[in-house]
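Chains, contacts and geometry: an overview
So the chains spell out like this:
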Amino acid sequence: MSLILDREYLKGFVANEDIRNLQARVETAHNDLNHKTGKGNDFLGWTDLPSKIQDGFIVELEQLGKDVRQNSDCVISIGIGGSYLGIRATLEFLRGKDGFPIFYIGHNMSVDYHYRIFEQLKNKRVSVVVISKSGTTTEPALGFRLVKQFLKEKYSEAELKKRIICVTDEKKGALRKIADKNGYRSFVIPDDVGGRFSVLTPVGLVPLAIAGVDICSLVKGARDGQKEYSLMDLDKNICYQYAAARYALYKKGKVIEVTSSFYDNMQYLTEWWKQLYGESEAKGGEGIFPASLIMSTDLHSMGQLMQDGMRNVFETFLDVEQLSHCLAIPQEQEDLDGFNIVAGKDLDYVNKQAYKATAAAHFEGGVPNMTIRMEKCDEYHLGKLYYFYERAVGISGYLLGVNPFDQPGVEAYKKKMFALLGKK
Ligand code: PA5
């Protein structure tokens, strides 16, 4: 049930010794996380969050989920960044596009996108979860206005109270005021957990419980991750090995990390990872640029760049051992395409050979790579992986010497946009 980190294709780029040489610095970062003595130490609530989630709270959310599913055909989840990506990453990782229908608003301002959703939901029973830690982010605030207007045409004020759920700060921000003033049910985002680390707070757990996800197993995976990946033993802790390896690669000029997967259900997981790593590490001219690829699609476009472009890239594959289904490749009498050699084999057998071939070819082409491998795409392994990634970026951010828990850069566009809009 553990995750595996395969480092075979780092050979010749990062030696075991390079990682061992970082032992003392990793230990300092580890102590700074544990004793809350490093930069950004008021945002370390995520470090022990899984073990602090009460079982009773999970039961309460499961009941909420049942109630909402009973009185609704679908749910709209409103949010952006950390208040959006973890939800979508989890749902698509677990079941692609199937399951209780969830629509996302608040992460873009495209009119056509919103128009299409409102058209689709005209005759549906709709509930809403609006998520914003600050409660003042433009995109979800405007999305919520539009959704409220849409709902007011369908429901009475009393019915709206049953259908709108807010997830926000305990005391601050416009969304807290709106929830309290209108008597909407609300859940609190802890003060000491930043947006991109919040998937296991009500930000993720409320909409995921409504969508019918087994949040109990998700949290169990994260709790086991917390135990396993908080150990200060660089020989055993694969999370710290990953953090140290990527730092060593960065110092050797590999300034871009591409997370690649041969499984399309991981696309939004890589989007979540990009936010976590990009916002945490990229400060003051430092930081690894996080990018992602979904294969085989991207092998036929970005494959050229990976194999043959500027050699400033390393790659981390996300792999899974067992899938939930099999799909045997049909035999054809004429064999015009020559693929009877794999007839009768599971399609995933070929997919796995494509992964092995790609990892080897990219390595030979000068792209060192690692693989994070999990047993299955289930809630438990995802919970574990979330904690793995969060802990690793805490360590690697400290190795880089930055504050991994703030995001001053995202304010710049807001200031200019508010000036253009004439907003104070
Ligand atoms: O990581 C972050 O803090 C940001 O990306 C936020 O998650 C994003 O801006 C949404 O913020 P809020 O939840 O306050 O609306």
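Residues numbered from 1 in each chain as written. Predicted model: local features only at pLDDT ≥ 70, side-chain atom pairs only at ≥ 80, totals over all residues. Heavy atoms only, no water.

**Considering the site of the ligand**
Which entries qualify depends on this criterion: Residues are counted as near a molecule or strand when any one of their heavy atoms sits within 4 Å of it. Side-chain atoms alone can form a polar contact between residues adjacent in sequence; in general such a contact is a pair of N or O atoms within 3.5 Å, and within protein one must be able to donate a hydrogen while the other accepts it. Here the open area of atoms and residues is found with the Shrake-Rupley method and a 1.4 Å probe, where only the protein chains shown may cover a residue. Basically, the charged four are Asp, Glu, Lys and Arg, the nonpolar ten are Ala, Val, Leu, Ile, Met, Phe, Trp, Tyr, Cys and Pro, and anything else, Gly included, counts as polar.
Contacts to the ligand come from 13 residues, most closely from Ser-83, Ser-132, Thr-137, Gln-275 and Glu-279. Gly-82 is positioned such that a nitrogen or oxygen atom in its backbone is 2.8 Å from an oxygen atom of the ligand. Ser-83 is positioned with one of its side-chain polar atoms (N or O) 2.7 Å from an oxygen atom of the ligand. Considering the ligand on its own, with 380 Å² of exposed area, one finds that the protein chains cover 87% of that surface. Of the residues in the shell around the ligand, the class split is 1 nonpolar, 9 polar and 3 charged.

**Some details on the packing of aromatic side chains**
Any two aromatic rings considered together are summarised by their centre-to-centre distance and by the angle between their planes. Rules: For Phe, Tyr and Trp, rings pair up if their centres lie within 6.5 Å, where Trp contributes its six-membered ring, and each pair is then called stacked (planes under 30 degrees apart), edge-to-face (over 60) or tilted (otherwise). Only DSSP runs of H or I covering at least 4 residues are called helices, and only runs of E covering at least 2 are called strands; the numbering of each starts at the N terminus. Partly exposed residues are those whose accessible area sits between 20% and 50% of the maximum for their type, while under 20% is buried and over 50% is exposed, using a 1.4 Å probe and protein chains only.
Summed over all chains, the structure comprises 22 aromatic pairs. For the pair Tyr-242 and Tyr-389, a centre-to-centre distance of 6.1 Å together with 65 degrees between the ring planes defines the contact as edge-to-face. Taken together, the positions of Tyr-242 in helix α12 (residues 238-251) and Tyr-389 in helix α16 (residues 379-400) put the pair 147 residues apart, joining distant regions of the chain. When its relative accessible area of 0% is taken as the criterion, Tyr-389 is described as buried. Between the aromatic rings of Tyr-277 and Tyr-389, the centroid separation amounts to 5.9 Å while the plane-to-plane angle is 80 degrees, which identifies the pairing as edge-to-face. Of this pair, Tyr-277 sits in helix α13 (residues 267-281) while Tyr-389 is found in helix α16, placing the two residues 112 residues apart along the sequence.

**Observations concerning helix α10 (residues 202-210)**
Three- or four-residue spacings in an α-helix give side chains the same orientation, since the helix completes a turn every 3.6 residues. Within α10, 9 of the 9 residues are buried, leaving the element largely enclosed by the surrounding structure. Taken as a whole, α10 has its buried residues at Pro-202, Val-203, Gly-204, Leu-205, Val-206, Pro-207, Leu-208, Ala-209 and Ile-210. One or two residues past the end of α10 sits Gly-212, with phi positive at roughly 90 degrees.

**Things to note about the nonpolar core**
Test applied: Residues belong to one nonpolar core when they are buried, are Ala, Val, Leu, Ile, Met, Phe, Trp, Tyr or Cys, and are joined through side-chain atoms within 4.5 Å. Note that the domain bounds reflect an automated or database-derived domain assignment. Residues are treated as being in contact if the distance between any of their heavy atoms lies within 4.5 Å.
If you look at the biggest cluster of nonpolar residues, it comprises 102 residues, and the most contacted ones within it are Tyr-242, Trp-272, Phe-388 and Tyr-389. No other element matches α16, which puts 12 residues into this core. In terms of domain composition, this core takes at least three residues from each of domain 1 (4-38 + 219-400) and domain 2 (46-213). Leaving out residues up to four positions away in the same chain, Tyr-389 has contacts with Tyr-242, Thr-259, Trp-272, Trp-273, Leu-276, Tyr-277, Leu-318 and Ile-372. Listed in part, the 22 residues of the second largest apolar core include Ile-78, Phe-103, Phe-118 and Val-147.

**Let's talk about the pairing of strand β5 (residues 164-168)**
The test is simple: For two strands to pair, DSSP has to find at least two bridges joining them. For crossovers, right-handed means that the path from the first strand over the helix to the second runs clockwise, given strands pointing away from the viewer.
Across the 5 residues that make up β5, a large majority, 5, are buried. Two strands pair when backbone bridges link them, and strand β4 (residues 126-132) and β5 are joined in this way by 5 bridges, in the parallel orientation. Across the sheet, the residue bridging to Val-130 is Cys-166, located in β5. Two strands pair when backbone bridges link them, and β5 and strand β6 (residues 185-188) are joined in this way by 4 bridges, in the parallel orientation. When the bridges of β6 are listed, Ile-165 appears paired with Arg-185. With respect to chirality, the unit in which β5 leads through helix α9 (residues 174-182) into the neighbouring parallel β6 is right-handed.

**Observations concerning the packing of helix α4 (residues 55-71) against helix α11 (residues 215-229)**
The condition is simple: All axes here are fitted lines through C-alpha atoms, helices being fitted over the stretch that makes contact, and every angle between N-to-C directions spans 0 to 180 degrees. Roughly parallel covers angles under 35 degrees, roughly antiparallel covers those over 145, roughly perpendicular covers 65 to 115, and oblique covers all other angles. We call a crossing left-handed when the near helix sits turned anticlockwise from the far one by less than a right angle, and right-handed when that turn is clockwise.
Where α4 meets α11, the axes come as close as 10 Å, and the angle between the chain directions of the two elements is 150 degrees. If you check the angle between α4 and α11, you find them roughly antiparallel. Judged by the twist between their axes, the crossing of α4 over α11 is right-handed. Contact with α4, carried on its side by Asp-55, Ile-58, Leu-61 and Glu-62, involves Ile-215, Cys-216, Val-219 and Arg-223 of α11 and no other residues of that element. Among the residues making up the contact of α4 with α11, the classes are represented as 5 nonpolar, no polar and 3 charged.

**Examining the pairing of β4**
Counting buried residues along β4, 7 of its 7 residues qualify, which places the element largely inside the surrounding structure. The alternating pattern of β4 places Val-126, Val-128, Val-130 and Ser-132 on one face and Ser-127, Val-129 and Ile-131 on the opposite face, and all of these are buried.

**Structural notes on the domain arrangement of the chain**
Often, the extent of an interface is quoted as the loss of accessible area on bringing the components together. Here is the rule we go by: Joining two parts hides part of their accessible area as seen by a 1.4 Å probe, and the buried area is that hidden amount summed over both.
Per the domain assignment, the segments of the chain are domain 1 (4-38 + 219-400) and domain 2 (46-213). Distance from the C-alpha centre of domain 1 to the C-alpha centre of domain 2: 30 Å. Facing the 28 residues of domain 1 at the interface are 26 residues of domain 2. In total, about 2500 Å² of surface goes out of reach between domain 1 and domain 2, with carbon and sulfur atoms giving 63% of it. Three residues, Arg-223, Tyr-268 and Glu-390, lead the burial of domain 1 against domain 2; their summed loss comes to 25% of the area buried on that side.

**With respect to the side chain of Ser-83**
Here Ser-83 shows up in the loop between β2 (74-78) and α5 (85-95). You can call Ser-83 buried: its relative accessible area is 8%. Filtering out sequence-adjacent residues up to four positions away, Ser-83 remains in contact with Ile-78, Ile-131, Ser-132, Lys-133 and Val-203.

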